[in-house]
Amino acid sequence: MQRPICSLRRDSRAFTLVELLVVIAIIGILIGLLLPAVQAAREAARRMQCTNNMKQYVLAIHNYVDANQVLPASRMNFYNYNTNQYTDAAYGGFVSATVALLPYMEQQPRYDAFVQLARNAANNSWPFANTPVFTDRIETILCPSDGAARMPSPHQNMARTSICVSLGDGMWHNARPDWGESGIAKVDSRGLFAPLAWRPLAIVSDGTSNTVAISEMIGDANGSTKVKGGVFKTSSLHDGQAKPAPCLTESRRADDPTQLNSGTDTWRALLWTDGRSVNAGFTTVLPPNSPCCIYSWPNIENYAWGVFSPQSNHSGGVNVGYADGSVHFISDTIDCGSPNSYGVNSGKSPYGVWGALGTPQGGETTQSM
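This section reports on the structure supplied with the text. (Residues numbered from 1 in each chain as written. Predicted model: local features only at pLDDT ≥ 70, side-chain atom pairs only at ≥ 80, totals over all residues. Heavy atoms only, no water.)

## Describing the state of the cysteines
Phase 1: Summed over all chains, the structure comprises two disulfides.
Phase 2: Shown here is the disulfide that connects Cys50 with Cys143, its sulfur atoms set 1.7 Å apart. With the S-S dihedral at roughly 70 degrees, the linkage between Cys50 and Cys143 falls on the right-handed side. With Cys50 in helix α1 (residues 17-68) and Cys143 in the loop between α4 (132-135) and β3 (163-166), the pair connects residues that are 93 residues apart, well separated along the chain.
Phase 3: Residue classification places Cys143 among the buried positions, given a relative accessible area of 6%.
Phase 4: In this model, Cys247 is linked to Cys293 through a disulfide, with the two sulfur atoms separated by 2.0 Å. Between Cys247 and Cys293 the disulfide shows an S-S torsion of about 90 degrees. By sign, it is right-handed. Of this pair, Cys247 sits in helix α5 (residues 245-248) while Cys293 sits in strand β7 (residues 293-295), and the two are 46 residues apart along the sequence.
Phase 5: What makes Cys293 buried here is its relative accessible area of 0%.
Phase 6: Look at the protein and number its bonded cysteines as they come in the sequence; the links are 1-2, 3-4.
Phase 7: A disulfide-free cysteine, Cys164 has its sulfur positioned 8.6 Å from the sulfur of Cys292, the nearest such atom. (Disulfide = S-S within 2.5 Å. Helix = DSSP H or I, 4+ residues; strand = E, 2+ residues; numbered from the N terminus. Buried < 20%, exposed > 50% of the residue type's maximum accessible area, 1.4 Å probe, protein only.)

Printed below as a string of C-alpha cells:
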C-alpha cells in the first residue's frame, strides 16, 4: 500500500498595521537624526567654497598691487582709478573695487566690455542695465551659503556679490569733505580701503596678518527688508552723534524680529559693480552679524555716515580675508570694545580687537580668530 505523502505546513503571515507603523516611525526617527548631520556637512562644504572664493579675491588684490603699487579704491571713477582724483564721468564715480580687480580674477573679457560701455556713456549715465556685463554672475565673488546670492537682483536683474571690502573702524564714508560740522564724528575710513583713495599696501604697519581686507555680506531676496541684508535708517548716526550704539537699539517688527521696522532701499550685496560704502563695504565697529545702519539722508548716493556690519548665513560668525592672503572665521562674540565710544582719527581703535583688526596702522598687533 502506498504511503501518503506528508507535507509540511508553512505558517506564513503578512505584517500587521501596527508593525508597519512601528517600522515607519523608526525610519522617520533615523532620518530625523541623520538630517542635521547631512545639513551640517553641506554647510561645511558651502563655507569651504566661500573661503576658497575669498582667497582668490585677496590674491587678486595682491596681483593688482604688484601691477599698480596701490590698492584699488573702495569706490572710484572708472577712468581714473589709478589716480587720486575725483571727476564725474560715466557711472558717476561709484565703480567698485571688484571692477578694477577683474583682470586679476581671470575676467579680462568682462573688464574689456565694461570699459567699452563706460567709454560710450555720457556723464553720470547708467549704460549697463540689462547687459551681460551686469547680469551675468561671477561665481568667485558669491557664497553658496547665501541662498539669494545667485538670484537676479531686484534692481534690473543685476548680478550680486557676497564680498565686501574693509573700511576699518571709521563711520564717515563719503567723498564730500564739506559735509558735517563735528570733527570727532567725521572720521574717514581707517581701513585698507576708502572711497576715492588709492592706498599703498605699505600703510599696513600693524602687519598684514593683523589687518583684515575683505569679509562677507548678504542681500535680501527682494531688496532690503530683513535685518540680514537690510539697512536701518537712523537720524542718530550723524555728526556729533556718530557712535555705533544707536544702531544696536534700532527697532524690529514685533510680529517678526528678523524684519526691519525702518528699512531703506539700499543695494547692499545686490550689485557687484557698485562701490558705494553702504553697498560694498564693511566696518569693524559692531560685531559680525550685527545690524547695518545709515544716516537717513534723502539720496542714497550722498549718505555720509554708516555702520555696515559683515553678515553671513554661517552659524556664529563670518569668513574674513586678511591682508596677508589668509582667510579666517571671525566669531560674532569677538571683542568690540564699547559701542558708546566715538571714533578716533588716529591711534588705537576704541572698538576692541575687532576694531584693531580693521585698522592697518593703529598701533595694535592683536589677532583674533
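Back to the write-up after that little detour.
## Quick notes on the pairing of strand β4 (residues 212-216)
Phase 1: With five of five residues buried, β4 is to be regarded as a mostly interior element.
Phase 2: Across three bridges, the pairing between β3 and β4 is antiparallel. Paired with Val165 across the two strands is Ile214, which belongs to β4.
Phase 3: As paired strands, β4 and strand β9 (residues 317-322) are joined by three bridges and run antiparallel to one another. Within β9, the residue paired with Val212 across the bridge is Tyr322. (Pairing = 2+ DSSP bridges.)

## Side note on the pattern of salt bridges
Phase 1: With the rule as written, the count across this model stands at four salt bridges.
Phase 2: Residues Arg150 and Glu139 are paired through a salt bridge, measuring 2.9 Å at the closest nitrogen-oxygen approach. Separated by eleven residues along the polypeptide, Arg150 in the loop between α4 and β3 and Glu139 in the loop between α4 and β3 bring together distant segments of the chain.
Phase 3: Given the relative accessible area of 39%, Glu139 is considered partly exposed. (Salt bridge = Lys/Arg side-chain N within 4 Å of Asp/Glu carboxyl O.)

## Here we look at unusual backbone geometry
Phase 1: Notably, Glu106 is not glycine yet its phi reads approximately 60 degrees, a positive angle.
Phase 2: Mapped onto the elements, Glu106 comes out in the loop between α2 (97-101) and α3 (108-119).
Phase 3: Notably, Asn289 is not glycine yet its phi reads approximately 70 degrees, a positive angle.
Phase 4: Using a relative accessible area of 15% as the deciding quantity, one classes Asn289 as buried.

## What about the side chain of Asp169?
Phase 1: Along the chain, Asp169 falls in the loop between β3 and β4.
Phase 2: When its relative accessible area of 1% is taken as the criterion, Asp169 is described as buried.
Phase 3: Of the polar contacts made by the side chain of Asp169, one reaches the side chain of Arg190; its length is 2.8 Å.
Phase 4: Here Ser349 takes part through its side chain, which lies 2.8 Å from a polar atom of the side chain of Asp169.
Phase 5: The contact partners of Asp169, leaving out residues within four places of it in the chain, are Arg190, Thr284, Val285, Ser349, Pro350, Tyr351, Gly355 and Thr359. (Polar contact = N/O pair within 3.5 Å; in protein donor to acceptor, adjacent residues only side chain to side chain. Contact = heavy atoms within 4.5 Å.)

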